[in-house]
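# Observations on the three-dimensional arrangement
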Amino acid sequence: MELDKGLISGSVALLVMKLLEDQDLYGYQMIEELRRRSDDAFRLRAGTLYPLLHSLEEKGCVTAYERTAENGKNRRYYHLTKQGRGVLAEKEAAWNTYAQAMGRVLKGGACLAGA
């Protein structure tokens, strides 16, 4: 089953920053790692990823640098900054609160007395 893109659109920055939490990555690595970690549910396109990375860079959440790969190609790697780690923690907490509330509603949750 393909996921509703509307469910994903507000979460892409969180997902990308989470990928960068443990290591610096270049664009294609992020696309492939997100696909792998999500069991192919998230298929991020370069046309979505790079504008998001530029926006995160402008906000001071990531920095970019170039490194030459073994095959001789220059690759632009992205690094999560200290500020980005703070933003990631906030977004992750907000997402967890949202997901827990959504889960309670979908499972039927507790009813209010007298309602």
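Here, every reference points to the structure presented above.
Here the structure is a predicted model, which is why all the values come from computation and not from measurement.

### A closer look at the pattern of salt bridges
Summed over all chains, the structure comprises nine salt bridges. Glutamate 92 is paired through a salt bridge with lysine 18; the nearest N and O atoms lie 3.1 Å apart. In this pair, glutamate 92 is assigned in helix α5 (residues 82–106) and lysine 18 in helix α2 (residues 12–19), connecting sequence segments 74 residues apart. The salt bridge involving glutamate 57 is made with arginine 76; its shortest N-O contact spans 3.5 Å. Here arginine 76 lies in strand β3 (residues 74–80) and glutamate 57 lies in helix α4 (residues 46–58), a separation of 19 residues in the sequence. Using a relative accessible area of 25% as the deciding quantity, one classes glutamate 57 as partly exposed. Each of Glu32, Arg35, Asp40 and Arg43 takes part in salt bridges that share partners, so that together they form one network.

Conventions and cut-offs
Residues numbered from 1 in each chain as written. Predicted model: local features only at pLDDT ≥ 70, side-chain atom pairs only at ≥ 80, totals over all residues. Heavy atoms only, no water. Salt bridge = Lys/Arg side-chain N within 4 Å of Asp/Glu carboxyl O. Helix = DSSP H or I, 4+ residues; strand = E, 2+ residues; numbered from the N terminus. Buried < 20%, exposed > 50% of the residue type's maximum accessible area, 1.4 Å probe, protein only.

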